[in-house]
Amino acid sequence: MSGKARGPRIVFWRHGQTSWNLESRFQGSTDIELTDQGVFQAQRAAKLLSGLRPDLLISSDLKRARRTAEELARVTGLEVDHHEGLRETYAGDWQGLTNQEIRARFPEQYDAWAMGEPVRRGGGELSTEVADRSVPVVLAAVEKLPEDGTLVVVSHGGTIRTMLGRLLDLEPTQWERFGGLSNCCWSVLGQGARGWRLLEHNAGTLPQPVIGDET
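Everything numeric here is computed off the predicted structure, so don't read it as measured data.

So what exactly am I meant to see when it comes to empty space enclosed by the protein here?
Taking a probe equal in size to a water molecule and rolling it over the atoms shows the remaining empty space. Overall, the coordinates contain one cavity of 30 Å³ or more when judged by the stated rule. Along the walls of the largest cavity sit 10 residues, with Gly157, Arg161, Gly179, Leu181 and His201 positioned nearest its centre. Tallying contributions element by element places helix H7 (residues 157-167) first for the lining of the largest cavity, with four residues. Counted by class, the lining of the largest cavity contains four nonpolar, four polar and two charged residues.

Would you mind going over the packing of helix H2 (residues 36-50) against helix H3 (residues 63-76) with me for this structure?
Interaxial distance between H2 and H3 falls to 8 Å at its minimum, and their mutual angle equals 40°. By the criterion of interaxial angle, the relationship of H2 to H3 is oblique. By crossing handedness, the relation of H2 to H3 is classed as right-handed. In this structure, H2 contributes Val39, Ala42, Gln43, Ala46, Leu49 and Ser50 to the contact, and H3 contributes Arg67, Thr68, Glu71, Leu72, Val75 and Thr76. Its residues assigned to classes, the contact of H2 with H3 comprises six nonpolar, four polar and two charged.

What is the right way to look at the environment of Trp196 in this model?
Residue position: Trp196 is located in strand S6 (residues 195-203). For Trp196 and Leu57, which are 139 residues apart along the polypeptide, the C-alpha to C-alpha distance reads 19 Å. Apart from the residues within four sequence positions on either side, Trp196 is in contact with Pro8, Ile10, Leu139, Val142, Leu167, Leu168, Leu189, Gly190 and Gln191.

I tried to follow the packing of aromatic side chains on my own but got confused; where do I start?
Pairs of aromatic rings are described using the distance from one ring centre to the other and the angle between the two planes. Under the counting rule described, the total for this entry stands at five aromatic pairs. Consider the rings of Phe26 and Trp94, whose centres lie 6.1 Å apart with planes at 80°: the pair is edge-to-face. Of this pair, Phe26 sits in the loop between helix H1 (19-22) and H2 while Trp94 sits in the loop between strand S3 (80-83) and helix H4 (99-105), and the two are 68 residues apart along the sequence. What makes Phe26 buried here is its relative accessible area of 6%. Seen from their ring centres, Trp94 and Trp113 are 6.3 Å apart, and the 90° between their planes marks the pair as edge-to-face. Taken together, the positions of Trp94 in the loop between S3 and H4 and Trp113 in helix H5 (residues 107-114) put the pair 19 residues apart, joining distant regions of the chain. Judged by its relative accessible area of 23%, Trp113 falls in the partly exposed class.

In this structure, what is going on with H7? I would like to understand it.
Counting along an α-helix, one turn takes 3.6 residues, and residues three or four places apart therefore face a common direction. Most of H7 is tucked away, with 10 of its 11 residues classed as buried. Every buried residue belonging to H7 is among Gly157, Gly158, Thr159, Ile160, Arg161, Thr162, Met163, Leu164, Gly165 and Leu167, and all of these are buried. Backbone geometry just after H7 places Asp169 at a positive phi near 60°.

What is the right way to read the pairing of strand S5 (residues 186-192) from this model?
Every other side chain in a regular strand lies on the same face of the sheet, so the side chains alternate between the two faces. Burial runs high along S5: five of the seven residues are buried. By the bridge criterion, five bridges tie strand S1 (residues 9-14) to S5 in an arrangement that is antiparallel. Note that in S5 the partner of Trp13 across the bridge is Trp186. Direction of pairing for S5 relative to S6: antiparallel, over a ladder of six bridges. Counterpart to Gly192 in the pairing with S6 is Gly195. Counting the residues in the hairpin turn of S5 and S6 gives two residues.

What counts and how
- Residues numbered from 1 in each chain as written.
- Predicted model: local features only at pLDDT ≥ 70, side-chain atom pairs only at ≥ 80, totals over all residues.
- Heavy atoms only, no water.
- 1 Å grid on protein atoms, 1.4 Å probe; cavity = no way out; pocket = protein on both sides within 12 Å on 5 of 7 lines; lining within 4 Å.
- Points joined across faces, edges and corners; volume = space filled by probe spheres on them.
- Helix = DSSP H or I, 4+ residues; strand = E, 2+ residues; numbered from the N terminus.
- Nonpolar A, V, L, I, M, F, W, Y, C, P; charged D, E, K, R; others polar.
- Axes fitted to C-alpha atoms, helices over the stretch in contact; angles between N-to-C directions.
- Parallel < 35°, antiparallel > 145°, perpendicular 65-115°, else oblique.
- Left-handed = near helix turned anticlockwise from the far one by under 90°.
- Contact = heavy atoms within 4.5 Å.
- Phe/Tyr/Trp six-rings, centres within 6.5 Å; stacked < 30°, edge-to-face > 60°.
- Buried < 20%, exposed > 50% of the residue type's maximum accessible area, 1.4 Å probe, protein only.
- Pairing = 2+ DSSP bridges.

Structure (structure tokens):
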């Protein structure tokens, strides 16, 4: 997309690859490092995102997001503000399990979640609670932007989905309609006369499989 825009713009950037992504393990709030490939992905994406001339950079405080944000900070010279509120969904007993293990151990929870019902996966957070803690962090940063400024938010697949849904005023049951973000890809919201609008989704690369979107 063009580096020029009218009105504020928010770029939601998912972190790079981790070993648990490759193993399809639900990371949630577990603090996992990037793989070497994940670092490479962050470096590549940072070069592209720097072309948008971002004004502010905020990030989840988990290692995989912090390391991803570091690469954009290195290219742009921006400082990174880290926020616990931008962490991935806490999923209690689901964390560390593979998708297959979750289906086997928590079949009723999994089926209810797959049907779009509000579920505390593994006894953890509801998606609406994730939005409650993450969206205010983003909106507070937007208030600090210059006119027509750009904010980059480095976070996680599941949390980004909830933020998009909340900012676009969609019902929580519709949030799963957003396709998953590939590692180190991003979505962009721009503000129009009627509120926030989705300008891009899963941008930044040729189509690739989404690995561990909410992990």
